[in-house]
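Coordinate inspection notes
Residues per chain are reported as follows:
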Amino acid sequence: MKKLKIIGFAILILIVIYVVWSPLTLTKFGDRTNPYHPDAALKEEIKAETAGMSAEEIRLYSIKKTAKRLSFTVKNNLANGKANCVGYAQMCAGISNYAFRTNGINASAKPVVGYVMFYGVNLCDILKWCMPNKRWKNFVKDHDFVEYHIDGKTIYADASLYDVFWKDCETTL
């Protein structure tokens, strides 16, 4: 029995490693409201840290800054550094937009809702199937990320997945 658990754990680790190095794509189906606006202290940090950055550098900065400031939880409490994917997307878009404005860059970011796809399979549907009750099924039914408009391109990017996998999960249209 102990050997089976070790084999099962090893297989789980291999699956996680495969997912981390495999392409995850983000698919949008709607917009989110309630934008996040950085407070004065965070605005000063953003202004100082993004001076002279390009739009793409700001996109990456915003994802990393958001992941550094937040830790994952079920309910959003951005003031105390706690968020689910909705809060991650809101904060990331807010940081991005402030940095774009301060640097005079014609680009934008907004939180959106959609799905995380893995080789054409909707991971939200798989998670929903695995959940034990309606509350948790509703929690994983979709996923929030950020939609960027940079240099005529639309890019979907995800700060919460970056926080989990330390990988920039982006989809460019």
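Scroll up to find the structure.
Our subject in this report is the structure included herewith. Per-chain numbering applies: the sequence of each chain, read as written, is numbered from 1 onward. Reporting in this predicted model follows two pLDDT cut-offs: at least 70 for local features of residues, and 80 or more for side-chain atom pairs to be given and counted; totals over whole chains, interfaces and linings ignore these cut-offs and use all residues. Heavy atoms from the whole structure form the basis of all side-chain values; hydrogens and water molecules are not counted.

Section: the overall build of the protein chain
Numbering of helices and strands starts at the N terminus; helices are DSSP runs of H or I of at least 4 residues and strands are runs of E of at least 2. Counting its secondary structure elements, the protein chain contains seven helices and eight strands. For the protein chain, the C-alpha radius of gyration of 17 Å lies close to 16 Å, the compact-globule estimate for 173 residues. Projected onto its principal axes, the C-alpha coordinates of the protein chain cover approximately 60 × 30 × 30 Å. Between buried and exposed lies partly exposed: a residue is buried under 20% and exposed over 50% of the maximum accessible area for its type, with that area taken using a 1.4 Å probe on protein chains only. Within the span of the protein chain, comprising 173 residues, buried residues form 41% of the whole. Counting contacts in the protein chain only where the partners sit at least 6 residues apart, residues at least 24 apart contribute 63% of the total. Surface exposure of the protein chain reaches about 10100 Å², of which carbon and sulfur atoms provide 61%. Charged residues are defined narrowly, with Lys and Arg counted positive, Asp and Glu counted negative, and His plus the chain ends left uncounted. Note on charges: their place is set at NZ of Lys, CZ of Arg, CG of Asp or CD of Glu. Between the mean site of the 23 positive side-chain charges and the mean site of the 16 negative ones, the protein chain shows a separation of 10 Å. Atoms counted for the radius of gyration: C-alpha only. Globule rule: 2.2 Å times the number of residues to the power 0.38. Residue contacts follow a heavy-atom distance rule, with two residues in contact if any of their heavy atoms lie within 4.5 Å. Accessible areas in this description were obtained via Shrake-Rupley with a 1.4 Å probe; residue shielding takes into account the shown protein chains only.

Considering unusual backbone geometry
Phi is mostly negative for residues that are not glycine, and the peptide bonds are mostly trans. If you check the backbone angles, Y119 has positive phi at about 50 degrees while not being a glycine. Among the structural elements, Y119 can be located in the loop between β4 (108-118) and β5 (121-122). Relative accessible area serves as the criterion here: at 53%, Y119 is assigned to the exposed category. Phi at D151 takes a positive value of approximately 50 degrees, unusual for a residue other than glycine.

A closer look at the environment of A83
Note that A83 resides in strand β3 (residues 82-83). Using a relative accessible area of 0% as the deciding quantity, one classes A83 as buried. Taking the C-alpha atoms as reference points, A83 and R32, separated by 51 residues in sequence, lie 15 Å from one another. Those residues within four positions of A83 in sequence are excluded, and the remaining contacts are L70, S71, F72, T73, K75, N76, L78 and Y88.

Some points on the side chain of R59
Its place among the elements puts R59 in helix α3 (residues 55-69). The exposure class assigned to R59 is buried, which follows from its relative accessible area of 0%.

Quick look at the packing of helix α2 (residues 40-50) against helix α4 (residues 85-102)
Any two packed helices are characterised by the angle at which their axes cross and by the distance between the axes. Angles here are taken between N-to-C directions and fall from 0 to 180 degrees, while the axes themselves are lines fitted to C-alpha atoms, restricted in helices to the stretch in contact. It is the contact of α2 with α4, at a shortest axis distance of 9 Å, that shows an interaxial angle of 55 degrees. As judged from the angle between their axes, α2 and α4 are oblique. Helix-helix and strand crossings are classified by hand; for α2 and α4 the assignment is right-handed. Residues L42, K43, I46, K47 and T50 of α2 pack against I95, Y98, A99 and T102 of α4. Each residue is assigned to one class: nonpolar for Ala, Val, Leu, Ile, Met, Phe, Trp, Tyr, Cys and Pro, charged for Asp, Glu, Lys and Arg, and polar for all the others, Gly among them. Class assignment of the residues belonging to the contact of α2 with α4 gives a composition of five nonpolar, two polar and two charged. Our angle categories are set so that under 35 degrees counts as roughly parallel, over 145 as roughly antiparallel, 65 to 115 as roughly perpendicular, and the remainder as oblique. By definition, any crossing whose near helix is turned counterclockwise from its far helix by less than a right angle is left-handed, and any crossing with a clockwise turn is right-handed.

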